[in-house]
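Fold and contact review
Spelled out from the first residue to the last, the chains are:
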Amino acid sequence: MSLVGIVTAMRAEAKCITPRRLPFNEMVRLREGTAIWVCGIGSEAARQAAAGLRDRGVSSLMSFGVAGALDETLRPGDLVLPERVYTEYSHPVALEWRSRIIQHLPKHVKVAGGTLATSQQILTSRDEKQRFSAKNGACAVDMESGAIAEIAVNAGIPFVAVRAITDPLEFSPPPILMSAVYPDGSVNMLHLLELILRRSVNVGTLLRLAPSMRAACATLLSVVKHADIELGGTFLPQY
């Protein structure tokens, strides 16, 4: 029996797959064909999660979540299904699996291919994003997919990345905002309020982030609804 192992960095991403509140940093079987691991943000956390899923017998790995745009034509809510993922090297994606996902999607979902690159740090400006893209030819960036791809390649199992755009090329959240984010992606509201009061974070920035995240999550929910069979089976309804 095949078992798809899905790695998400944040609880908000995992909620697009299941309404259950999942434990942090451990494998959870959602049903017979699907396991998920909420790992936290960053390559090392993703690597440990992917290795944990591999060691527990998954037959394929999926990186699922959000990404930042490196191409000015990509907007919040657009879906990136890359043909390759780049870290220090270029790693292949299971193209047949990717194609099946696309076939299930409704026509209103805008899908981009190409290269998804993994960065070890948050890219903080348009110029920094463009320099990063120039090095690897990527259209989008995240902080986890490269590590997951490496584990899959070394294990000889299929890999695919499903990433929806949050921040466009011209907009980047300030790095200090991450100090108000817990490892699972949830927000420390008291610390966030402190940042706002000290004017370290602009309220306008937060107002821009929220709809972008909602657009990305709406797209991920659409993937789960229409291509659920490619994520290991039919999921419970969202509440």
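The paragraphs below set out a description of the structure included in this document. (Residues numbered from 1 in each chain as written. Predicted model: local features only at pLDDT ≥ 70, side-chain atom pairs only at ≥ 80, totals over all residues. Heavy atoms only, no water.)

Here the focus is the overall build of the chain. Helix and strand counts for the chain stand at 7 helices and 11 strands. A compact globule built from 239 residues should have a C-alpha radius of gyration of about 18 Å, and the chain, at 17 Å, falls within 12% of that. In terms of overall dimensions, the chain has C-alpha extents of about 55 × 35 × 35 Å along its principal axes. Classification of the 239 residues of the chain by burial places 53% in the buried group. Put simply, 75% of the contacts in the chain that link residues at least 6 apart link residues at least 24 apart. (Helix = DSSP H or I, 4+ residues; strand = E, 2+ residues; numbered from the N terminus. Rg over C-alpha atoms; globule rule 2.2 N^0.38 Å. Buried < 20%, exposed > 50% of the residue type's maximum accessible area, 1.4 Å probe, protein only. Contact = heavy atoms within 4.5 Å.)

Along the chain, His104 falls in helix 3 (residues 95–104). Along the sequence, His104 and Ala138 sit 34 residues apart, while their C-alpha atoms lie 25 Å from each other. Discounting residues that sit within four places of it in the chain, His104 has contacts with His226, Ala227, Ile229 and Glu230.

The next point concerns the packing of helix 2 (residues 43–55) against helix 5 (residues 145–155). Contact pair helix 2 / helix 5: the axes reach a minimum separation of 8 Å and the direction vectors enclose 30 degrees. For the crossing formed where helix 2 meets helix 5, the hand is right-handed. On helix 5, the residues that touch Ser43, Ala46, Arg47, Ala50, Ala51 and Arg54 of helix 2 are Ala147, Ile148, Glu150, Ile151 and Ala155. Its residues assigned to classes, the contact of helix 2 with helix 5 comprises 7 nonpolar, 1 polar and 3 charged. (Axes fitted to C-alpha atoms, helices over the stretch in contact; angles between N-to-C directions. Left-handed = near helix turned anticlockwise from the far one by under 90°. Nonpolar A, V, L, I, M, F, W, Y, C, P; charged D, E, K, R; others polar.)

Here helix 4 (residues 126–136) has its buried residues at Glu128, Lys129, Phe132, Ser133 and Asn136. Buried residues of helix 4 fall within an arc of 130 degrees about the axis and therefore sit on the same side. When the buried face of helix 4 is taken as reference, the exposed residues oriented beyond 90 degrees from it are Arg131 and Ala134. For helix 4, the secondary structure elements touched by its buried residues are strand 4 (60–69), strand 6 (84–86), strand 9 (115–118) and strand 10 (140–142). Count one or two residues on from helix 4 and you reach Gly137, which has phi positive near 70 degrees. (Arc of directions from axis to C-beta.)

This brings us to the pairing of strand 3 (residues 34–38). Here strand 3 lies mainly inside the structure; 5 of its 5 residues are buried. Taking every second residue as pointing to the same face, both faces of strand 3 are buried, with Thr34, Ile36 and Val38 on one and Ala35 and Trp37 on the other. As paired elements, strand 1 (residues 4–8) and strand 3 share 5 bridges and run parallel to each other. Of the residues in strand 3, the one forming a bridge with Val7 is Trp37. Strand direction decides the pairing type here: strand 2 (residues 27–31) and strand 3, joined by 4 bridges, are antiparallel. Looking at the pairing, Val28 lines up with Ile36 of strand 3. Once strand 2 ends, the chain turns through 2 residues before running back antiparallel as strand 3. (Pairing = 2+ DSSP bridges.)

Moving on, we get to the nonpolar core. Leu61, Met62, Phe64, Ile101, Phe159 and Val162 are the most contacted members of the largest nonpolar core, which has 64 residues in total. Once residues lying within four places of it in the same chain are set aside, the contact partners of Met62 are Gly5, Ile6, Val7, Trp97, Ile101, Val160, Val162, Glu230 and Leu231. Formed by 6 residues, the second largest nonpolar core is a distinct cluster that contains Leu70, Ala117, Leu123 and Val141. (Core = buried A, V, L, I, M, F, W, Y, C linked by side-chain atoms within 4.5 Å.)

In protein structure, a disulfide is the covalent linkage between the sulfur atoms of two cysteines. Summed over the entire model, instances satisfying the criterion amount to 0 disulfides. Looking at the unpaired Cys139, the closest cysteine sulfur is the one in Cys217, lying at 19 Å. Here Cys217 stays unpaired: no disulfide links it, and the sulfur of Cys16, its closest cysteine neighbor, is 3.9 Å away. (Disulfide = S-S within 2.5 Å.)

Its location among the elements puts Glu128 in helix 4. No salt bridge is formed by the buried Glu128. Its closest oppositely charged neighbour is Arg131, at 5.4 Å. Only 2.7 Å separates the side chain of Glu128 from the side chain of Thr124, close enough to count as a polar contact. Once you skip the residues sitting within four places of it in the chain, Glu128 turns out to touch Gln121, Ile122 and Leu123. (Lys, Arg positive; Asp, Glu negative; His and termini not counted. Salt bridge = Lys/Arg side-chain N within 4 Å of Asp/Glu carboxyl O. Polar contact = N/O pair within 3.5 Å; in protein donor to acceptor, adjacent residues only side chain to side chain.)

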